[in-house]
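Overview (structure and organization)
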Amino acid sequence: MREVLLLKCGELVLKGLNRGRFESRLLHILRARLAPLGDYRLSISQSTVYVEPQGDAPVGEALEVCRRVFGIVSLCCAAVCPKDMAAICDTAARYLNDELEHTRTFKVEARRADKRFPLTSPQIGAEVGARLLEEHPHLRVRMEGAERIVKVEIREQYAYVSGERLPGAGGMPTGANGRAMLLLSGGIDSPVAGHMMARRGLELGAVHFYSYPYTSEEARDKVIELARILSGWTGKLTVSVVPFTHIQQEIRDKCSEDYFTLVMRRFMMRLAERVARHQGCKALITGESLGQVASQTIESLNATGSVCRLPVFRPLIGMDKEEIVVRARQIGTFETSILPYEDCCTVFTPRHPQTKPKLENVEKQEENLDIDGLVEEAFAGIERITLG
Amino acid sequence: MRAYLDNAATTAVLPQAAEAALRAMTECYGNPSSLHPLGRQARELLQQSRGQVARAVGCAAECLIFTSGGTESINTALRAAARKNRHLGRHIVSTSVEHDAVLNTLKSLGQEGFEITLVAPGRDGSVSAEALCAALRPDTILLSVMAVNNETGAVLPAAQAAAALKRRSPAALVHVDGVQALCKQDLPLDNVDMASFSAHKIGGMKGCGALYIRRGLAITPLLFGGGQENGVRSGTEGMPQIAAFGAACEARMKTRAADAAHMRALRERLIAGARALGAHINSPENAAPHIVNLSMGRGRSEVYIRALGERGVCVSGGSACARGRASHVLLAQGLPKSNIDAALRVSLCPESTEEMIDCFLEALGQAARLF
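Bear in mind the structure is a predicted one, so any value in this text is a computation, not a measurement.

**Some points on the overall build of chain B**
Within chain B, the secondary structure is distributed over 12 helices and 12 strands. If you line up chain B on its principal axes, its C-alpha atoms span 65 × 55 × 30 Å. Here chain B holds 371 residues, and the buried ones make up 53% of them.

The structure is reproduced here in structure tokens:
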């Protein structure tokens, strides 16, 4: 039995004149993501993408990949058969046999894209339904609130009987809304923030600050692993690893302790913006959540955000830690995030950090630092690692 | 690598040991239990190796069995002793500076109903014989003491405590963890019933150890099977490792006195140099010659280790097995937190040189500037 994937596009059907651009973007992404698995023929019609495996290209693995592609609201496997009622009924009975054993109520929904097909949609539904009832006498038909809706589609060349419908990743195709730079630490929050904004159609770059020998190679490997997991959703993802040790030592030597973290965060934002502009990104993304730590109070966010001109997206700003953890588990980054390696934010942590800093005081702290020189030095030492 | 100074974690395999292992793998590769000529050759090699290790331990060859390492020897000894004496009492005495292999085996015995008393060290890391003897009770059935501490090099009064226990309760058993003492210190076995050793701390291979069992002491094995090693340790003998262990013991014993003097001189150079940099020495004065524990009093061990590593110097913070946790040994000594967090263990072998010590000291001075 030949199987295909049917991917239901979400929001992009609403986008009027941009629709063609979004659709071709989605197909382009799907082609790139499926290419390592084998050869697939892709086509799109009526906001459904048809993925047809060629040769021995696997269906199951392709389904798993497509579940992580933004812009798809739901997806299912479907059996392909000739446009002939006997064949359609046989295919439905065989294809759904195991699944219907554990189902109590169902209904059949038929659609006829090819209006030359001799039966009407309700007639097709009734015939297929009757056949399935024959095979599984325990089943009951339920027009409202059926446990399982069996979809039959009659299209140009073939008929399709669909299997169980799974939720897709939702959102918009990666890159449909441009590029942005994610500040990626080793923690729980930043990968979630990156995932949320990528889901809104942003193509991501990531920047990570590395303070060897204060932080370890293991901590760096952990961030690379987080980026690898994230790239399962976003496609190719480049992490710019910024050497940060010298900046931290300068801050330690020339600023007062309660401002260490704030001045450090401001350097991070400056460097992230520098990298973002270099890579054509139009915004920054951080995992900040209001009030979570001293550097995430309104005053601190103002002090750190004021060094850059690009918009800063903070998708977690109104979320509780528990909500963020749920999302981290869903996208698969949680277990890696909680590995116990230090990140650069824990080097020289002040005992009593400023929580309500005045901007002019923060700026005063930076007077003795060669800000441009330090930023350029760090920028010149960046190492780039591409995942996915 | 300019200075490998983590010999208490493991050592390079000595050339003589590597040759012996290669021969056991490619020429004399029979199973010592086989009846044919290759089997007999392997049996002879096994007996020869047993003799070499026994001479280093200072016991008769038939009192020694080979195991997979220090951890297995310790588990076998402690579990067997507790089981053998459980009808006499439930009290076990040890120290809070033992290796995790001892502490965690005792912890599991504690869960089975034995009562464990751990004697704490003084601030300098030494454990007094009086404190150990004071912990002994009429119902004490087992005493387990390490000969040399793996983190500070402290030499523990195992012999005095063993004698005290035997005077009170002749049936009580004594186990000594001799892993860091083998080929470095004398280890009197007068009142000792069992002692554990490891091959890879003296130039042998990883995955091999030995257990001394006093003549006439019958013990229950951990593993059951073909009955090798007097039925105490079933499983085909790991001949390459065993042959290497024997060869390493023989090589080390030949030059033991000179090696100890050499390491002691290096240790003094190291301590003087470190003190000049402002370091605090966490090891006692009269410690074993090959281990020095020190702290700069600021920063974290793992940062020092990485900074030293960049300059080609390998040391550890505390025990290599602890991987970043605060050292239970230094905690037991009651050192200030800043000294514990920044602790470094420098451990020598006979091949260590003055250049290596100087290289370490220079790198330590540089690394201290990170904080």
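So that's the structure; there's more coming.
**Concerning the domain arrangement of chain A**
Residue and element names in this part refer to chain A. According to the domain assignment, chain A contains domain 1 (2-169) and domain 2 (179-387). Of note, the centres of domain 1 and domain 2, computed from C-alpha atoms alone, are 42 Å apart. On the side of domain 2, six residues touch domain 1, which itself brings six residues to the contact. The class makeup of the residues in the side of domain 1 that touches domain 2 is four nonpolar, no polar and two charged.

**Quick notes on the sheet that holds strand β11 (residues 203-210) of chain A**
Residue and element names in this part refer to chain A. One open sheet accounts for six strands, arranged β14-β13-β10-β11-β12-β15; its pairing is mixed. Only two strands of the sheet have a single partner each, and these edge strands are β14 (312-313) and β15 (383-387). Bridge count for β11 against strand β12 (residues 237-243) is five bridges, and the pairing is parallel. If you follow Tyr210 over to β12, its bridge partner there is Pro243. With respect to the sheet, helix α9 (residues 260-278) is in contact with β10 (179-183), β11, β12 and β13 (284-285), its orientation differing from that of β10 by roughly 150°.

**With respect to the packing of helix α8 (residues 256-276) of chain B against helix α12 (residues 354-368) of chain B**
Residue and element names in this part refer to chain B. Running from N to C, α8 and α12 point in directions that differ by 20°, and their axes come no closer than 10 Å. Here α8 is positioned roughly parallel relative to α12, judged by the angle of their axes. By crossing handedness, the relation of α8 to α12 is classed as right-handed. Packed against α8, whose contacting residues are Leu266, Arg269, Leu270, Gly273 and Ala274, the element α12 presents Glu354, Ile357, Leu361 and Leu364 at the interface. Of the residues assigned to the contact of α8 with α12, the class counts are six nonpolar, one polar and two charged.

**Comments concerning the packing of α9 of chain A against helix α14 (residues 371-380) of chain A**
Residue and element names in this part refer to chain A. At a minimum axis distance of 10 Å, the contact between α9 and α14 shows a crossing angle of 55°. Taken together, the axes of α9 and α14 lie oblique to each other. Remark: the crossing between α9 and α14 carries right-handed chirality. Here Arg270, Leu271 and Arg274 of α9 lie close against α14, whose contacting residues are Val375, Ala378 and Phe379. Taken together, the residues of the contact of α9 with α14 break down into four nonpolar, no polar and two charged.

Rules behind the numbers
- Residues numbered from 1 in each chain as written.
- Chains lettered and ligands numbered in written order.
- Predicted model: local features only at pLDDT ≥ 70, side-chain atom pairs only at ≥ 80, totals over all residues.
- Helix = DSSP H or I, 4+ residues; strand = E, 2+ residues; numbered from the N terminus.
- Buried ≥ 20, exposed ≤ 12 C-beta atoms within 10 Å, placed from the backbone.
- Domains from an automatic or database assignment.
- Contact = placed C-beta atoms within 7 Å.
- Nonpolar A, V, L, I, M, F, W, Y, C, P; charged D, E, K, R; others polar.
- Pairing = 2+ DSSP bridges.
- Axes fitted to C-alpha atoms, helices over the stretch in contact; angles between N-to-C directions.
- Parallel < 35°, antiparallel > 145°, perpendicular 65-115°, else oblique.
- Left-handed = near helix turned anticlockwise from the far one by under 90°.

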